[in-house]
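If you want the building blocks of each chain, they are given just below.
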Amino acid sequence: MAFGGQVLSADEVQPGVASMIKVISVEVMMDEGTKLVTVFDPVRPGAEAETGPVPGEYLIEPGEIEINAGREVVEIEVLNVGDRTIQVRSHAHFFEVNKALSFDRRAAFGMRLDRPSGAGERFDPGVARTVRLVPFGGLRRMHGFAGLTEGGMEAREAAFARARARGYMEESE
């Protein structure tokens, strides 16, 4: 592992590569069987310090960034009636999230969490929380993880029927 961290220097790879590769893991065969060997910081610093932006780096101007600016916001109360914590990510079609979450699914159709990309919300059992939802952008075509919605807003009534049939919504909803 020590040798692995000395094979390459930042001078021997394309600019920015050293900052992108922080860990390399290799499964190796040894007399006693296979082992996973992990080398941290496998590209040692070069003779000259790297300058300029790192590949994939965001260069953001000072100030505040408002996400979902100008979008309609719906606030709904959500209760986890299950026995385990449920996490929902920002990209999920909220209408189709775990059926142990009790909320107004009609109001949530075509909506997602008003959170930055990659973020989410955690719902603990028995705890009611209010969340903010915003509409999907673009063509507003949803393909949910539960398979309730396969299409755009025109698929609404068919999605409601599937949700009722599969226990996501009460018959009265």
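This text goes with the structure placed above it.
Since we're looking at a predicted model, the values are computed, not measured.

Colleague: Please clarify how the overall build of the protein chain should be interpreted in this entry.
Modeller: Helix and strand content of the protein chain: 3 helices and 12 strands. A compact globule built from 173 residues should have a C-alpha radius of gyration of about 16 Å, whereas the protein chain, at 24 Å, is more than 25% larger. Considering only C-alpha atoms, the protein chain reaches an extent of 70 × 50 × 30 Å along its principal axes. Relative to its 173 residues, the protein chain shows a buried fraction of 32%. Residue pairs in contact within the protein chain that sit at least 24 positions apart in sequence constitute 59% of those at least 6 positions apart. Of the accessible surface of the protein chain, which amounts to about 11,300 Å², a share of 52% is contributed by carbon and sulfur atoms.

Colleague: I'm lost on the nonpolar core in this one. Help?
Modeller: Note that soluble globular proteins tend to have their nonpolar side chains buried in a common cluster. Ranked by internal contacts, the top residues of the largest apolar core, which has 17 residues, are Ile-76, Val-88 and Phe-94. When residues of this core are assigned to their parent elements, the largest contribution, 3 residues, is made by strand E5 (residues 74-80). For Ile-76, the contacting residues outside a window of four places in its chain are Phe-94, Phe-103, Ala-107, Ala-108, Arg-129, Thr-130, Val-131 and Leu-133. Phe-109, Phe-136, Ala-163 and Tyr-168 belong to the second-largest nonpolar core, a separate cluster that totals 10 residues.

Colleague: How do you make sense of the environment of Val-39 when you look at a structure like this?
Modeller: Position of Val-39 among the secondary structure elements: in strand E3 (residues 33-40). The exposure class of Val-39 is buried, given its relative accessible area of 12%. In sequence terms Val-39 and Glu-61 are 22 residues apart; their C-alpha atoms lie 35 Å from each other. Non-local contacts of Val-39, meaning those with residues more than four positions away in its chain, are made with Met-1, Gly-4, Gly-5, Lys-22, Val-23 and Ile-24.

Colleague: What exactly am I supposed to notice about the pairing of E5 here?
Modeller: Where a strand is regular, its side chains alternate between the two sheet faces. Alternating residues of E5 divide into Val-74, Ile-76, Val-78 and Asn-80, all buried, and Glu-75, Glu-77 and Leu-79, none buried. Relative to strand E10 (residues 128-135), E5 runs antiparallel, the two being bridged by 6 bridges. Along E10, the bridge assignment pairs Glu-77 with Thr-130.

Colleague: Is there a simple way to explain the pairing of E3 in this structure?
Modeller: Where strand E2 (residues 23-30) and E3 come together, 8 bridges link them in antiparallel fashion. Bridging from a neighbouring strand, Val-26 pairs with Val-37 of E3. Between E2 and E3, which pair antiparallel and follow one another directly, the connecting turn spans 2 residues.

Colleague: Looking at this model, I keep getting lost on the environment of Gly-144. Mind explaining?
Modeller: Mapped onto the elements, Gly-144 comes out in the loop between strand E11 (142-143) and strand E12 (150-151). A sequence separation of 57 residues divides Gly-144 from Gln-87, and the C-alpha atoms of the two residues are 16 Å apart. Ignoring anything within four residues of it in the chain, the contact list for Gly-144 reads Glu-96, Thr-149 and Glu-150.

Colleague: How do you make sense of the side chain of Asp-114 when you look at a structure like this?
Modeller: Tracing the sequence through the fold places Asp-114 in the loop between strand E8 (111-113) and strand E9 (120-123). Exposure remark for Asp-114: the relative accessible area of 16% places this residue in the buried category. A distance of 2.6 Å separates a polar atom in the side chain of Asp-114 from a polar atom in the side chain of Asn-68. Ignoring anything within four residues of it in the chain, the contact list for Asp-114 reads Ile-67, Asn-68, Val-73, Arg-132, Leu-133 and Val-134.

Colleague: How should the packing of aromatic side chains be read in this particular structure?
Modeller: Two numbers describe a pair of aromatic rings. These are the distance of the centres and the angle of the planes. Per the counting criterion, the structure on display carries 5 aromatic pairs. Between Phe-94 and Phe-103, the ring centres sit 4.9 Å apart and the planes meet at 55°, which makes this aromatic pair tilted. According to the relative accessible area criterion, Phe-94 is buried, its value standing at 0%. Taking relative accessible area as the criterion, Phe-103 reaches 9% and is therefore assigned buried. Ring geometry for Phe-95 and Phe-160: centres 5.5 Å apart, planes at 55°, overall tilted. Of the two residues, Phe-95 is situated in the loop between strand E6 (86-89) and strand E7 (101-102) and Phe-160 in helix H3 (residues 156-165); the sequence distance between them amounts to 65 residues. Here the two residues Phe-95 and Phe-160 agree in accessibility, since each one is buried. An aromatic cluster is present here, built from Phe-94, Phe-103 and Phe-123 joined pairwise through their rings. Cation over ring: Arg-129 sits above Phe-123, and NZ or CZ is 5.3 Å from the ring centre.

Calculation rules
Residues numbered from 1 in each chain as written. Predicted model: local features only at pLDDT ≥ 70, side-chain atom pairs only at ≥ 80, totals over all residues. Heavy atoms only, no water. Helix = DSSP H or I, 4+ residues; strand = E, 2+ residues; numbered from the N terminus. Rg over C-alpha atoms; globule rule 2.2 N^0.38 Å. Buried < 20%, exposed > 50% of the residue type's maximum accessible area, 1.4 Å probe, protein only. Contact = heavy atoms within 4.5 Å. Areas by Shrake-Rupley, 256 points an atom, 1.4 Å probe, with all protein chains shown as cover. Core = buried A, V, L, I, M, F, W, Y, C linked by side-chain atoms within 4.5 Å. Pairing = 2+ DSSP bridges. Polar contact = N/O pair within 3.5 Å; in protein donor to acceptor, adjacent residues only side chain to side chain. Phe/Tyr/Trp six-rings, centres within 6.5 Å; stacked < 30°, edge-to-face > 60°. Lys NZ or Arg CZ within 6 Å of the ring centre and 35° of its normal.

Geometric values such as these leave the question of function open.
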